[in-house]
Amino acid sequence: MSDSISLCSSVCECLNAIGVPAAVAAEFRSFFVQDNWFSLKTAKENLQAVQTEVNTKVDREIERQRGIHSQVQLWLSRVEDTIMDKSLEEEYDKLEEEYDKLMLCGCNLSRRHKLGKRIIKKLEYVKGLIEEEKQFTDVGVDLPVNVVNRITVPKTFGMDSMLKQLRKYFQDHERCIIGVWGQGGAGKTTLLNEFNNQLTDCSDLHAVILIDVSNSEILNVKVIQRTIVDRLGLPWVDTDTEDARAMFLMKALLKKRFVILLDDVRKKFQLEDIGIPLPNTDNGYKIILASREQDVCIQMGAQHNLIKMELLDDQASWDLFFSNLTNNAQRSIKSSYSIKRRAEAITKSCQGLPLAINVISCAVAGLKSSNDWRDAMTATKMGLGEIGGVAEQIFKPLKYSYDKLDSTTKKCFLYCTLFPEYSSIKKEQLVDYWIAEGFIPSNQPWKGSWIIIKKLISACLLQETNSGLKVRLHNIIRHFGLWLARQENNFLVQSGQNLESPPDIEQWNGPERISLMSNDIKDLSFSPKCINLETLLLQNNLNLTSLSPKFFKSMKNLKILDLSNTGIKELPECDELCQLQHLNLSQTPIIELPGNFSVLGELRYLDLSLTKALKETHDNCSKLLKLRVLNLFRSHYGIHDVSNLNLDTLKELKFLGITICTKDVLKKLKKTDPLAKSTHRLSLTDCPHMKSIHGTDFNQMVHLQELYIESCPKLSELVMDQDDGGVSNLQVLTLWNLPNLDTILVKSLPHYFRRLRELTIYECHKLENLNWVERLESLEKLIVSRCNGMVHLSEKEEHGMQIRNNGMSEKEQIQTLVEEASEIKISENKKKIDEESAENIDQFPKLRSVILSDMENLVSICSPSKFPSLETIRVQNCPNLVRLPVSHGHKIIKLWQIRGSSEWWNTLEWDNMETKSGLEKYFMAI
């Protein structure tokens with residue numbers, strides 16, 4: 001080696017002395033591979049030393065809750081790629097082995113020359129990285145967040161004076177903790193929401209954080225901490241303890257000037273336990289809290305800064321009331337003195353309480369005749385007395401609104417009180433319960449239920465969530481409903497109260513409906529006498545592992561039993577449950593169904609989905625002839641043999657969720673028209689011989705909404721190339737652990753996947769891209785994880801080729817691809833489908849969320865113009881990702897970036913600096 005170095009130096013000195021051009025000298029130098037390799041190895045060692053120093057600085061900045069400069073991240077990623085690249089080393093070792101045998105033959109010289117040129121180029125690149133590091137003056141950057149998250153607030157009436165007072169207190173530096181107190185329904189939440197929006201003009205603030213504290217009777221520290229973490233754009237580590245998170249948040253907040261708005265504080269708690277620093281006149285922090293109790297505000301430290309939530313005066317009450325009436329009702333008031341007088345009397349009966357005014361105004365919104373207004377006025381004057389510690393003026397208008405409902409809608413409303421306070425309730429779940437209770441006719445259950453839900457929302461007794469899929473009760477309305485329920489139906493409701501033990505056995509004797517859901521009950525080791533009980537809700541008691549063997553002995557009238565998401569492994573004797581219509585055992589570790597399970601002859605609804613331990617049903621499902629809903633979706637109990645698919649006896653079946661494990665079963669299911677048409681959820685799991693899936697396999701499944709394909713080791717293609725198919729109504733598709741899946745062919749819209757909202761792809765290593773996803777016009781959420789063969793998520797290809805980021809220059813990449821082109825084969829079927837997909841349509845028009853994780857070869861997602869609705873990108877462990885689709889008029893986008901990934905700030909495509917500024921507010925390398 002020393003000889004080669006000496007020879008190389010001598011020759012280069014000679015060439016320089018005689019004036020040979022530098023380019024020629026460089027070409028000659030490339031033949032001396034060993035010399036260049038030694039220099040490169042030394043340069044890499046120096047680069048690693050510099051990398052260690054930079055990483056130390058980066059860790060220090062992360063500890064200080066600062067972001068990392070984008071140029072530093074880009075540099076670190078390039079260094080990592082350079083150090084990890086072993087391609088030159090492998091080629092060098094191989095060539096040196098051959099050198100001793102072939103010596104300086106022409107073929108060997110040519111290869112050495114090419115390798116030498118690449119080594120020299122890499123050496124220059126490494127030296128450039130070392131020089132580039134010297135330009136970093138500061139590796140860290142401050143992380144600005146969106147100071148205020150604006151909240152949609154309806155037009156307010158009569159709050160100006162309280163907003164003015166709150167603003168005055170806020171601007172006084174001596175007032176650090178401010179308390180707003182007043183009775184439920186007085187508008188405290190609205191006041192805080194409105195004040196939150198007004199803080200957008202405070203330029204000296206770093207963050208305004210609004211937190212709903214009381215989502216239950218017990219302070220939920222984790223939920224509050226998560227709210228703060230999300231608002232600050234900080235990392236959330238699920239395995240951290242509450243104390244560890246509190247210390248982390250304390251450090252983060254101490255570096256900011258923040259305002260925290262705490263809504264509905266019911267009991268005193270220590271701010272430090274959450275991770276909130278105590279405000280004082282020196283640090284400028286502000287805490288504003290709202291509570292029903294003045295004493296709570298005082299105990300939290302607001303004793304000198306209290307604001308009482310005053311009720312609305314007569315004029316503001318009237319303005320709010322009148323604004324909620326229909327045009328016809330408003331005209332009748334303006335044209336008739338007597339009607340106006342009665343309307344004013346109704347308004348005054350609410351005594352200035354905004355919640356009561358909203359409810360009653362919705363109830364009378366369409367009244368026109370004088371007699372109707374007279375009856376309403378009389379009803380709202382009826383006293384109810386003090387109810388549950390809440391003043392009666394709230395309940396008189398609520399009672400009037402409730403009394404206007406028909407008997408069925410009343411029952412449906414009261415049923416909502418069984419759920420925990422502040423919880424959201426799935427509409428679908430409510431409807432299933434209502435059907436089992438017999439509130440809704442079985443011939444058109446969904447149509448009837450939506451009408452009832454709409455009535456309750458119109459009456460302001462239910463609130464619809466933003467998604468439209470759930471509803472919730474205001475806590476005051478829930479208290480009112482429970483008061484009615486206890487009088488009319490004997491409810492026992494202790495849901496969401498963190499109970500570790502059930503109510504005393506004596507309390508079980510009389511109620512018709514018992515709800516103990518969302519607690520921490522361990523066992524029910526007694527046999528209560530519940531001859532009147534019709535509904536028993538025990539779901540979400542994760543540690544509930546056993547029931548007494550005779551637990552159901554006295555429950556002959558039980559219609560609904562929900563044990564979902566509990567630890568129940570077996571059911572007690574069920575012989576007495578002859579009236580049971582609804583049974584939910586989903587997400588339980590139940591191992592088998594009882595042998596005499598078929599005695600539940602009235603059962604209409606049976607949910608066994610996600611029962612990961614279920615091994616045996618003893619053929620009971622096929623014996624429950626009245627079943628309308630049978631859900632075995634993603635259960636361990638999969639159908640392995642055609643002879644086991646004996647569900648043809650279920651003539652009433654309308655909804656089938658099923659797991660099947662062979663293609664023969666899938667073929668039989670497809671041929672069985674009634675069974676196929678009732679299939680809504682289908683899981684294909686552990687099918688050992690299934691090599692392909694075609695759209696025709698689902699032709700009869702016209703109601704299929706969710707398809708889950710998992711652990712099919714030989715599955716290589718998914719082909720949707722027919723004009724007609726059952727997946728046209730599919731909403732959720734999951735492809736999980738399919739190691740040989742390399743082809744997904746989807747015919748152009750509108751025939752396939754036109755309603756697909758969620759797509760998850762996990763551990764499909766042979767997939768190179770998802771170009772077909774661009775045509776999913778309804779897609780809202782896309783999750784791709786551990787797909788190591790994917791380079792570009794969705795990008796048009798030139799002649800079937802894609803540029804790869806492997807450390808080579810663009811020219812070298814193109815050269816490599818040209819050499820590989822001869823190996824590329826595209827089937828005629830794929831060509832045909834790609835041609836059909838070239839039609840001009842909007843791409844990803846509804847996609848809101850993209851989650852990408854653990855894909856080391858992913859380089860880019862796709863061009864920015866394809867994401868007009870994008871809100872959130874989460875990227876984790878994608879070390880080569882260098883391009884994100886953020887441009888062309890995007891509004892503020894949450895970008896989650898996990899350390900080890902490489903989102904390179906300056907490589908993003910910006911159409912304007914406003915877009916970049918909006919995104920930067922959420923950017924953080926952690």
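So, a few notes on the structure that sits alongside this text. The shown structure was predicted, so the numbers you read here are calculated from the model rather than taken from an experiment. (Residues numbered from 1 in each chain as written. Predicted model: local features only at pLDDT ≥ 70, side-chain atom pairs only at ≥ 80, totals over all residues. Heavy atoms only, no water.)

Before going further, it helps to examine the overall build of the chain. For the chain, the helix and strand inventory stands at 27 helices and 31 strands. Going through the 926 residues of the chain one by one, you find that 50% of them count as buried. In the chain, the proportion of contacts linking residues at least 24 apart, taken out of those at least 6 apart, comes to 62%. (Helix = DSSP H or I, 4+ residues; strand = E, 2+ residues; numbered from the N terminus. Buried < 20%, exposed > 50% of the residue type's maximum accessible area, 1.4 Å probe, protein only. Contact = heavy atoms within 4.5 Å.)

Another aspect to go through is unusual backbone geometry. The backbone phi angle of N540 is positive, close to 65°, even though this residue is not glycine. Mapped onto the fold, N540 is located in the loop between β14 (535-537) and β15 (546-547). Using a relative accessible area of 31% as the deciding quantity, one classes N540 as partly exposed. Look at N737: it is not a glycine, yet its phi comes out positive at around 55°. Following the sequence through the fold, N737 ends up in the loop between β25 (732-736) and β26 (743-746). Among the residues examined, N737 registers a relative accessible area of 26% and is labelled partly exposed.

Taken as a whole and assessed by the stated rule, the structure comprises 17 aromatic pairs. Arranged with centres 5.7 Å apart and planes meeting at 25°, the rings of W318 and F321 form a pair that is stacked. With W318 and F321 both in helix α13 (residues 314-323), this residue pair falls three residues apart, about one helical turn. W318 gets classed as buried once you look at its relative accessible area, which sits at 15%. (Phe/Tyr/Trp six-rings, centres within 6.5 Å; stacked < 30°, edge-to-face > 60°.)

Attention now goes to helix α10 (residues 242-254). For α10, with 13 residues, the first-to-last C-alpha span of 18 Å sits near the 18 Å given by 1.5 Å per residue. Among all positions of α10, only R245, A246, L249, A252 and L253 are buried. In an axial view of α10, the angular spread of the buried residues amounts to 130°, which keeps them on one side of the axis. Residues of α10 that are exposed and angled more than 90 degrees away from the buried face: D243 and M247. (Expected span 1.5 Å × (residues − 1). Arc of directions from axis to C-beta.)

Moving on, we get to the sheet that holds strand β7 (residues 306-308). The five strands lie next to each other as β4-β5-β6-β3-β7, forming an open sheet whose pairing is parallel. Lying at the two open borders of the sheet, with one neighbouring strand each, are β4 (207-212) and β7. Adjacent strand axes in the sheet meet at a mean angle of 15°, parallel and antiparallel pairs treated alike. Pairing of strand β5 (residues 258-263) with strand β6 (residues 286-291), which is carried by four bridges, proceeds in the parallel orientation. Across the sheet, I260 pairs through a bridge with I287, a residue of β6. Relative to β7, helix α7 (residues 160-171) is tilted by about 175°, and along the sheet it contacts β3 (177-181), β5, β6 and β7. (Pairing = 2+ DSSP bridges. Axes fitted to C-alpha atoms, helices over the stretch in contact; angles between N-to-C directions.)

With that out of the way, let us pick up the sheet that holds strand β10 (residues 470-472). Taken in spatial order, the three strands line up as β8-β10-β9 in an open sheet, and their pairing is antiparallel. Edge positions in the sheet fall to β8 (425-426) and β9 (463-464), since each has one partner strand and no second. As judged from the two bridges shared by β8 and β10, these two strands associate in the antiparallel manner. Opposite I425, over in β10, you have V471 as the bridge partner.

Right, let's get into a negative patch on the surface. Taken together, the side chains of E242, D243, E272 and D273 make up a negatively charged region of the molecular surface. As for its placement among the helices and strands, E272 is situated in helix α11 (residues 271-274). You can call E272 partly exposed: its relative accessible area is 32%. (Patch = residues over 30% accessible without salt bridge, like charges linked within 9 Å, V, L, I, M, F, W, Y side chains within 5 Å. Areas by Shrake-Rupley, 256 points an atom, 1.4 Å probe, with all protein chains shown as cover. Salt bridge = Lys/Arg side-chain N within 4 Å of Asp/Glu carboxyl O. Lys, Arg positive; Asp, Glu negative; His and termini not counted. Charge placed at Lys NZ, Arg CZ, Asp CG, Glu CD.)

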